[in-house]
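Descriptive analysis of the structure
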Amino acid sequence: TKQTNIIVPVFSRERGFHILLEIIVVFLITENHAYSFPGISSRAQTTNLRPTMDAARDTLAEINDKLRSEQPDNADTRWLPLESNPELFTNFGRKLGLPAEWEWTDILGFDSDLLDMVPQPVAAVILLFPCTTSIYAHRKRVGAGASQPDQPPGTFFLKQVPEFGNACGTIACVHALANSQHHFARGRLSDGSPLIGFLEDTAAGSPEQRGRALVSSAVLRGTSDSSAHDAVAQTRCPDRGAHLDHHFAAFVRVPAGDGGGERVVELDGTKPSPVDHGPTRAGTFLADVAAVVQRDFIAFGEGVEGFAMMALSPAGAGPA
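Residues numbered from 1 in each chain as written. Predicted model: local features only at pLDDT ≥ 70, side-chain atom pairs only at ≥ 80, totals over all residues. Heavy atoms only, no water.

1. Concerning the nonpolar core
Among the nonpolar cores identified, the biggest contains 48 residues, and Phe89, Trp104 and Leu312 are the most heavily contacted of them. Considering every element that reaches this core, the biggest residue donor is helix α6 (residues 168–178), with 8 residues. Among residues more than four places away in sequence, those in contact with Phe89 are Leu82, Glu83, Ser84, Trp104, Ile126, Gly169, Cys173, Phe248 and Met310. (Core = buried A, V, L, I, M, F, W, Y, C linked by side-chain atoms within 4.5 Å. Buried < 20%, exposed > 50% of the residue type's maximum accessible area, 1.4 Å probe, protein only. Helix = DSSP H or I, 4+ residues; strand = E, 2+ residues; numbered from the N terminus. Contact = heavy atoms within 4.5 Å.)

2. Concerning the side chain of Glu266
Here Glu266 shows up in strand β6 (residues 262–267). The class of Glu266 is buried, set by a relative accessible area of 1%. A distance of 2.7 Å separates polar atoms of two side chains, one belonging to Glu266 and the other to His277. (Polar contact = N/O pair within 3.5 Å; in protein donor to acceptor, adjacent residues only side chain to side chain.)

3. Quick word on the confidence of the model for the protein chain
Of the residues in the protein chain, 70% have a pLDDT of 70 or more, and the chain-wide mean is 78. Predicted confidence is poor over residues 1–6, with pLDDT under 50, and the contacts of this stretch with residues over four places away or in other chains come to 30 contacts. Predicted confidence for residues 8–15 stays below pLDDT 50, and this span has 22 contacts to residues more than four positions away or in other chains. (pLDDT = per-residue confidence, 0-100.)

4. With respect to the sheet that holds strand β5 (residues 246–255)
The sheet built from 6 strands is open, its strands ordered β3-β8-β4-β5-β6-β7 with antiparallel pairing. Among the strands making up the open sheet, the edge pair consists of β3 (102–107) and β7 (275–280). Put simply, the sheet's adjacent strands are angled 25 degrees from each other on average, direction ignored. Strand direction decides the pairing type here: β6 and β7, joined by 4 bridges, are antiparallel. Counted as the bridge partner of Glu262 is Thr280 from β7. Strand contacts of helix α3 (residues 86–96): β3, β4 (124–130), β5 and β8 (308–314), with the helix running at about 160 degrees to β3, the strand carrying the most contacts. Sheet strands touched by α6: β3, β4, β5, β6 and β8. Its angle to β5, the strand with the most contacts, is close to 5 degrees. (Pairing = 2+ DSSP bridges. Axes fitted to C-alpha atoms, helices over the stretch in contact; angles between N-to-C directions.)

5. With respect to the packing of α3 against α6
For the pair α3 and α6, the least separation of the axes is 11 Å and the interaxial angle reads 60 degrees. The angle between the axes of α3 and α6 places the two elements in the oblique class. Our pair here, α3 against α6, has a crossing hand that is right-handed. Each of Phe89, Phe92, Gly93 and Leu96 in α3 lies in contact with α6, whose residues at this interface are Gly169, Thr170, Cys173, Val174 and Leu177. Classifying every residue of the contact of α3 with α6 gives 6 nonpolar, 3 polar and no charged. (Parallel < 35°, antiparallel > 145°, perpendicular 65-115°, else oblique. Left-handed = near helix turned anticlockwise from the far one by under 90°. Nonpolar A, V, L, I, M, F, W, Y, C, P; charged D, E, K, R; others polar.)

6. A closer look at the packing of α3 against helix α9 (residues 218–228)
Orientation of α3 relative to α9, taken along the N-to-C sense of each, is 155 degrees, at an axis distance of 10 Å. It follows that α3 is roughly antiparallel to α9 by the angle criterion. Both α3 and α9 take part in a crossing whose hand is right-handed. Here α3 contributes Leu88, Phe92, Lys95 and Leu96 to the contact with α9, which in turn contributes Leu220, Thr223, Ser224, Ser226 and Ser227. For the contact of α3 with α9, the per-class residue count stands at 4 nonpolar, 4 polar and 1 charged.

7. Here we look at the side chain of Ser193
Here Ser193 shows up in the loop between α6 and α7 (194–201). When its relative accessible area of 10% is taken as the criterion, Ser193 is described as buried. Looking at Ser193, its side chain comes within polar contact range of the main-chain oxygen of Leu96, at 2.3 Å. A distance of 3.0 Å separates a polar side-chain atom of Ser193 from the backbone nitrogen of Leu195. Ignoring anything within four residues of it in the chain, the contact list for Ser193 reads Leu96 and Gly97.

Following this line, the structure appears as structure tokens:
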């Protein structure tokens, strides 16, 4: 019996009928298949997993522990968290300069039938994953044994400094848009985009300097915070000082440095540098990212709720 892996997002009543219809269609296509559910995403990232303090340490674990240890007065400087919601991320993206021809959409699972429902071509993927002890330990093992190969030229990467608070959704969106401009019709973000100015101003900076520049940007913080309260949000926005045990990372499709094809690059501001996951092309990028997520995240979060994925695709495009 074939097994189909499905991610089932928690959704509002208004969007529920649309998502339910998609699941019914998949069921009709894959009738008599067995289904497993690796996790149900929380739109507000509110699952409190509380990893043990003596878990294997990596930068993400250290940032989360620092945020928990801060006094309430310090919470006022933190950015508000973004809900894992494709409509909200699309609206936020528009404010940053995402062209009207592109939008974020849910990825319901890893089976080929579910991946085929995502409009193509996919320029980027955002992953929300739970911060568990096993995922922390795997991140540290991989980081300790990995060399840092040359990154594809022009890849924009910034570090998530602790002062951000719960801004990992904002950082993932910035990473996705900044590194997807070559896929847009005009080869760049929309005119007047506040993100274009930020990218130009920080082009020569280090990832650390870029992170500090973003955390100091009143314009981009205001844009992010207003999006956290977007009317399309399906849950109440957590407080600035909320302890959230989920994290966003972005995967982008960028040209290879040698001019031959494209690469899958993971961008996570809590890692030392971008992670090159190997060659890809437009027609296989989504499946290539799904394979990385299953290998490096799902495999270490078995039985844990809270995984969710979104794809940046042409607006109104049909499935592959």
